[in-house]
Amino acid sequence: MTERIPESWASVLEPALATGEARQLGGWLRAEEAAGKRIYPPRGCRLKALELTPLDAVKVVILGQDPYHGPGQAHGLCFSVPDGVRLPPSLRNIYKEMESDLGISPPANGNLERWARQGVLLLNNTLTVEEAQAGSHAGRGWDAITDACVAAVAERDVPTVFILWGSHAQGKAKRIATLRDGDGHCLIESPHPSPLSAHRGFFGSRPFSRANAFLEAHGRDAVDWRL
């Protein structure tokens, strides 16, 4: 791994980073870049979700699949794009549901850093991707690292919300249930916000108000979802 591990996550990630799978990942990424392949997000951004949301600050976890694979889109937070970048379709649908759920008008900006700084861990399952090749880095070793992140959050004795959109994210819910038997945490599951599936139950699922209701009921501050 060439990325600096944020201090709050270092100890819980040490076992995962020591595996052969993780070591092979670092070497493989360097070889792909040396071969001239464009990898997103760029170096220095790949662990941004962990940098902006320390482990002890996590209130909500939103799990994505892998980063956006277009130029300038991915910057280390699932579903988020940097300032000035056109909103991807899934994020547009997230904003539509937020407006329906909370009455918040959809912002023109797609940068979700404000959520991350409030304790919303915006974590993709796979943290890199090759340009124009969705899913191209799946199975290359990121799973061990992101599984360890999810486990670290789930093992805390702190009530936390896990928002799981789509089957990929819901697959990680099995690990949450195994660790805590579903007790103490809130799992909010629905179809993915992609235009291909949003109308099958994502719209109307009210994840934002449900997350805040759980947090407040357990003595934690609600998230201000406005951007």
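The rules behind the values
- Residues numbered from 1 in each chain as written.
- Predicted model: local features only at pLDDT ≥ 70, side-chain atom pairs only at ≥ 80, totals over all residues.
- Heavy atoms only, no water.
- Axes fitted to C-alpha atoms, helices over the stretch in contact; angles between N-to-C directions.
- Helix = DSSP H or I, 4+ residues; strand = E, 2+ residues; numbered from the N terminus.
- Parallel < 35°, antiparallel > 145°, perpendicular 65-115°, else oblique.
- Contact = heavy atoms within 4.5 Å.
- Nonpolar A, V, L, I, M, F, W, Y, C, P; charged D, E, K, R; others polar.
- Expected span 1.5 Å × (residues − 1).
- Buried < 20%, exposed > 50% of the residue type's maximum accessible area, 1.4 Å probe, protein only.
- UniProt positions renumbered as here; feature names shortened; annotations may be inferred.
- Polar contact = N/O pair within 3.5 Å; in protein donor to acceptor, adjacent residues only side chain to side chain.
- Left-handed = near helix turned anticlockwise from the far one by under 90°.
- Core = buried A, V, L, I, M, F, W, Y, C linked by side-chain atoms within 4.5 Å.
- Pairing = 2+ DSSP bridges.

**Q** For this particular structure, what's the right way to read the packing of helix α4 (residues 89–102) against helix α8 (residues 207–217)?
**A** Packed helix pairs are specified by the crossing angle of their axes together with the interaxial distance, meaning the distance between the axes. Running from N to C, α4 and α8 cross one another at 60°; their axes reach a closest spacing of 7 Å. As summarised for this structure, α4 and α8 are arranged oblique, according to the angle between their axes. In this structure, α4 uses Ile94, Glu97, Met98, Asp101 and Leu102 to contact α8, whose residues at the interface are Pro207, Phe208 and Ser209. The residue inventory of the contact of α4 with α8, partitioned by class, reads five nonpolar, one polar and two charged.

**Q** Got a minute to help me understand α4 in this structure?
**A** Helical geometry: 3.6 residues make up each α-helical turn, so side chains three or four residues apart lie on a common side. With 14 residues, α4 should reach 20 Å at 1.5 Å per residue; the first-to-last C-alpha distance of 20 Å fits that figure. The set of residues buried in α4 consists of Ser90, Leu91, Asn93, Ile94, Tyr95, Glu97, Met98 and Asp101. Its buried side turned inward, α4 meets α5 (113–116), β5 (161–165) and α8.

**Q** What exactly am I supposed to notice about the UniProt feature "active site" (unreviewed entry) in the protein chain here?
**A** Sites flagged by UniProt as "active site" (unreviewed entry) map to Asp66. Mapped onto the elements of the fold, Asp66 is located in the loop between β2 (60–64) and α4. With residues near it in sequence (within four places) discarded, Asp66 still touches Asn124, Thr126, Val129, Ala134, Gly135 and Ser136. Polar contacts involving the side chain of Asp66 include one to the main-chain amide nitrogen of Gly135, which spans 2.6 Å.

**Q** Explanation requested: the packing of helix α1 (residues 7–17) against helix α6 (residues 142–155) in the structure shown.
**A** As a packed pair, α1 and α6 sit with axes 9 Å apart at the nearest point and diverge in direction by 140°. When the axes of α1 and α6 are compared, the pair comes out oblique. For the element pair α1 and α6, the recorded crossing hand is right-handed. Contact residues: α1 offers Trp9, Val12, Leu13, Ala16 and Leu17, while α6 offers Ala144, Ile145, Ala148, Cys149, Ala152 and Val153. Taken together, the residues that form the contact of α1 with α6 break down as 11 nonpolar, no polar and no charged.

**Q** Would you mind showing me how to read the nonpolar core here?
**A** Across soluble globular proteins, nonpolar side chains show a tendency to be buried alongside one another. Core analysis: the biggest nonpolar cluster contains 63 residues, and Trp9, Ile62 and Trp225 have the highest contact counts within it. Looking at which element gives the most residues to this core, the answer is α6, with eight residues. In this structure, Trp225 is in contact with Val60, Ile62, Met98, Leu102, Ile104, Trp115, Val120, Phe208, Ala211 and Asn212, ignoring residues within four places of it in sequence.

**Q** Looking at this model, I keep getting lost on the sheet that holds strand β3 (residues 120–124). Mind explaining?
**A** In sheet architecture, strand pairing relies on hydrogen bonds along the backbone and comes in two forms, parallel and antiparallel. With parallel pairing, the four strands of this open sheet are ordered in space as β3-β2-β5-β6. The outermost strands of the open sheet, each flanked by one partner alone, are β3 and β6 (186–190). Taking the axes of each pair of neighbouring strands and ignoring which way they run, one obtains an average angle of 15° across the sheet. The pairing of β5 with β6 spans five bridges and is parallel. In the sheet register, Ile163 faces β6, and the bridge partner there is Ile188.

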